[in-house]
Amino acid sequence: LRRAPHRRHRRRPGTVVLPLYLAEIAPVALRGSIGSLNQLMIVIGILVAQVVGLPLATREGWRTLMALAGLPAAVQVVLLFGCVETPSWLASHGLLHDARKSLAFLRGGDRGNLASDGQGDEGTSSNPIDRELDDIFSAAGPKVTVANLFSVRALRRPLLAAFGLQVAQQFSGINAAIYYSTTIFQQSYDPTTAIRLTLLVSVTNLLTTLLSSSLIERAGRRTLLLTATLGMSLSAALVAGAVRAPSSPTEAVVVGLMAFVGFFGVGLGSIPWLILPELVPGYAVGPAASVCTSVNWSASFALAFVLPKAIGALGYDIFFVFSALLVGFALFTYRYVPETKGLTPEEVAVRNGFV
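Keep in mind that this is a model prediction, so the values were computed, not measured. Every chain is numbered independently, its residues counted from 1 as its sequence is written. The predicted origin of the model limits local features to residues at a pLDDT of at least 70 and limits the giving and counting of side-chain atom pairs to 80 or more, whereas totals for whole chains, interfaces and linings rest on all residues. Heavy atoms throughout the structure, all of them, feed into the side-chain values; hydrogens and water do not.

Asker: Please provide a residue-by-residue account of the overall build of the protein, values included.
Answerer: Helix numbering and strand numbering both begin at the N terminus, where a helix is a DSSP run of H or I of at least 4 residues and a strand a DSSP run of E of at least 2. When its secondary structure is counted, the protein shows 20 helices and zero strands. By the burial criterion, 45% of the 355 residues in the protein qualify as buried. As presented, the protein carries roughly 17700 Å² of accessible surface, and 64% of it is formed by carbon and sulfur atoms. Burial classes follow relative accessibility: with a 1.4 Å probe on protein chains only, a residue under 20% of its type's maximum area counts as buried, one over 50% as exposed, and anything between as partly exposed. Accessible surface area values rest on a Shrake-Rupley calculation with a 1.4 Å probe, where residue burial reflects the displayed protein chains alone.

Given below as structure tokens:
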């Protein structure tokens, strides 16, 4: 990740940088679809790791499994040499000619044969590259750091929405569904079948994340979040009810858990990350992403302590708790999360009165 040193993200740089990089290189009309590729690759990686890990999860095979994890990293290092710095970052550092070359390359042009140097009179160019650069330059704003992030009034509501979605992602119950899926299935099935059903959960997550990539530019971020969050709530209630009721069909647990993970893939899986640079203007997105990542991992850290004790006290009734929380998160989305489809952060701010 070439921009990590520039933005001084030392811990977990991929979590912070990759969604921003995708958002900054993508055309506005395709920003959601391209942004969702991050979550799609994560889901594919999980599924491949599970499939490869099945025959290697032995006393002798685990070393081979650990070594194989280095292959994707090596491929990524090689491919990163073909990446360009984003036009937004270059423009923010005054490298206007480089910003134009980068944008021309990303939009299918020739970096070595430019018609102009991008420094003509403002508003006079009919070149699509120059018009997009004008939009990038017009997004400039005050210097913002993590320390003064919340002092900028126009950023408070976008940050509230972004941070709330990060908390919703972690406290939705997805970790309980993923980590304990095999144990849940073993309540009704033999161990071998339970493991196969767990793999099917990952396949469901992959398919629904693919579906999200195609729906996100049609339905919009807010609509998908509301639909998927309420769908997760109903699915969580189905899982808890099916486990609690001895007379319920064994298939009900499978259907409920698959639906729960599937709705997560459509909504809370990818949208909280890709919506951040659509809510926060470019001049503040770096510090905002750093804090956003801290919120996400802090919520994950807290959940890691609470979840085992909660399951020990409540059993699988914990999914009733997740169901109630998800209703609250849907209400939060309805109240505080604006639609960002096809809009720049500045247009989102004007439409929703952030400024």
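Once you've had a look at it, read on.
Asker: Outline the pattern of salt bridges, listing residues and values.
Answerer: By convention in these notes, a salt bridge is any Lys or Arg side-chain nitrogen within 4 Å of a carboxyl oxygen on Asp or Glu. Using the criterion set out here, one finds three salt bridges in the structure. With its nearest N and O atoms 3.8 Å apart, the salt bridge here joins Lys101 to Asp98. Note that Lys101 and Asp98 are positioned in helix α8 (residues 96-106) at a spacing of three residues, about one turn of the helix. Linking Glu278 and Arg221 is a salt bridge whose minimum nitrogen-to-oxygen distance equals 2.6 Å. You can see Glu278 sitting in helix α17 (residues 276-279) and its partner Arg221 sitting in helix α14 (residues 221-244), a full 57 residues away along the chain. For the pair Glu278 and Arg221, a shared accessibility class is recorded, and that class is buried.

Asker: Explain the side chain of Thr333 residue by residue, including any values.
Answerer: Residue position: Thr333 is located in helix α19 (residues 318-336). It only takes one pair of heavy atoms within 4.5 Å for two residues to be counted as in contact. Residues in contact with Thr333, not counting those within four places in the same chain, are Leu165, Arg222, Leu225 and Leu226.

Asker: Tell me about a positive patch on the surface, and name the residues and values.
Answerer: Patches were defined on residues exceeding 30% relative accessible area and lacking a salt bridge, with like-charge contacts within 9 Å and nonpolar side-chain contacts (Val, Leu, Ile, Met, Phe, Trp, Tyr) within 5 Å. Positive charges come from Lys and Arg, negative ones from Asp and Glu, while His and the chain ends are left out of the count. For this purpose, a charge sits on NZ of Lys, CZ of Arg, CG of Asp or CD of Glu. On the surface, Arg153, Arg156, Arg157 and Arg335 cluster together into a positively charged patch. Here the positive patch gets three residues from one element, more than from any other, and that element is helix α10 (residues 153-171). Residue Arg335 is classed as exposed on the basis of its relative accessible area of 53%.

Asker: So, a nonpolar patch on the surface: which residues are in play, and what are the values?
Answerer: Among the surface-exposed residues, Met41, Ile44, Val48, Val52, Leu68 and Leu71 lie close enough to one another that they form a single nonpolar patch of about 480 Å² accessible area. No other element matches the four residues that helix α4 (residues 37-56) contributes to the nonpolar patch. Here Val48 falls in the partly exposed class, since its relative accessible area comes to 45%.

Asker: Let's hear about the packing of α14 against α19: which residues, and what values?
Answerer: To define axes, lines are fitted to C-alpha atoms, for helices over the stretch in contact only, and angles between the resulting N-to-C directions are given on a 0 to 180 degree scale. Viewed as axis vectors pointing N to C, α14 and α19 meet at an angle of 165°, and their least axial separation amounts to 8 Å. Comparing the axis directions of α14 and α19 gives the class roughly antiparallel. As for the relative orientation of α14 and α19, their crossing is left-handed in sense. Residue type decides the class: Asp, Glu, Lys and Arg count as charged, Ala, Val, Leu, Ile, Met, Phe, Trp, Tyr, Cys and Pro as nonpolar, and the leftover types, Gly among them, as polar. For the contact of α14 with α19, the class distribution of residues is 15 nonpolar, five polar and two charged. By definition in this entry, angles of less than 35 degrees are roughly parallel, angles greater than 145 are roughly antiparallel, angles of 65 to 115 are roughly perpendicular, and the rest are oblique. Crossing handedness is defined as follows: a turn of the near helix away from the far one that is anticlockwise and smaller than a right angle gives a left-handed crossing, while the clockwise case is right-handed.

Asker: Summarise the packing of aromatic side chains; cite the residues concerned and give the values.
Answerer: Note on ring pairs: Phe, Tyr and Trp rings are taken, using the six-membered ring of Trp, and paired if centres are within 6.5 Å. Classes follow the plane angle, with under 30 degrees stacked, over 60 edge-to-face and the rest tilted. A complete count under the given rule lists five aromatic pairs for this structure. An angle of 40° between the planes, with centres 5.2 Å apart, marks the rings of Phe332 and Tyr336 as tilted. Residue Phe332 and its partner Tyr336 are located together in helix α19, separated by four residues, close to a single helical turn. Residue classification places Phe332 among the buried residues on the basis of a relative accessible area of 18%. Members of the aromatic cluster, connected to one another through ring pairs, are Phe260, Phe319 and Phe322. We call a charge positioned over a ring when the NZ of a Lys or the CZ of an Arg lies within 6 Å of the ring centre and within 35 degrees of the ring normal. When the ring centre of Tyr336 is taken as reference, the NZ or CZ atom of Arg335 above it lies at 4.8 Å.

Asker: Describe the packing of α10 against helix α18 (residues 285-314), and please don't skip the residues or the numbers.
Answerer: Interhelical geometry of α10 versus α18 gives an angle of 30° and a closest axis separation of 9 Å. With respect to their mutual orientation, α10 and α18 come out roughly parallel. Seen along the crossing, α10 lies across α18 with a hand that is right-handed. Note on element contacts: α18 touches α10 through Ala288, Val291, Cys292, Val295, Asn296, Ala299, Ser300 and Leu303, opposite Leu159, Ala162, Phe163, Gln166, Val167, Gln169, Gln170 and Phe171. Class assignment of the residues belonging to the contact of α10 with α18 gives a composition of eleven nonpolar, five polar and no charged.

Asker: Describe the nonpolar core, listing the residues and the values that go with them.
Answerer: The term nonpolar core refers to a set of buried residues drawn from Ala, Val, Leu, Ile, Met, Phe, Trp, Tyr and Cys, joined through side-chain atoms within 4.5 Å. Counting 66 residues, the largest nonpolar core has Leu149, Leu155, Phe185, Val280 and Phe319 as the members making the most contacts within it. When residues no more than four places from it in sequence are discounted, the contact partners of Leu155 are Val144, Leu149, Val280, Pro281, Tyr283 and Ala284. Within the second largest apolar cluster, seven residues are counted, among which are Ala91, Ala99, Leu103 and Leu133.

Asker: Please give an account of the side chain of Gln169 that cites residues and values.
Answerer: By secondary structure assignment, the location of Gln169 is in helix α10. Setting aside chain neighbours within four positions, we find Gln169 in contact with Ile174, Phe264, Leu268, Gly269, Pro272, Trp273 and Asn296.

Asker: Account for α10, naming residues and giving values.
Answerer: Helices are assigned an expected span. That span is 1.5 Å times one less than the residue count. The first and last C-alpha atoms of α10 sit 28 Å apart over 19 residues, in line with the 27 Å expected at 1.5 Å per residue. Bending of α10 peaks at approximately 25° at the position of Leu159. Looking only at α10, the buried set comprises Leu155, Pro158, Leu159, Ala161, Ala162, Phe163, Gly164, Leu165, Gln166, Ala168, Gln169 and Gln170. Looking one or two residues beyond α10, the residue adopting positive phi is Gly173, at roughly 100°. The bend reported for a residue corresponds to the angle between axes fitted to the seven residues ending at that residue and the seven starting there.

Asker: Now, about α18: what can you tell me, with residues and values included?
Answerer: Each α-helix winds once per 3.6 residues, and so residues spaced three or four apart point in a common direction. Helix geometry: α18 is bent most strongly at Val306, by close to 30°, with proline Pro308 lying one to four residues after it. Where α18 terminates, the next one or two residues include Gly315, which has phi positive at roughly 65°.

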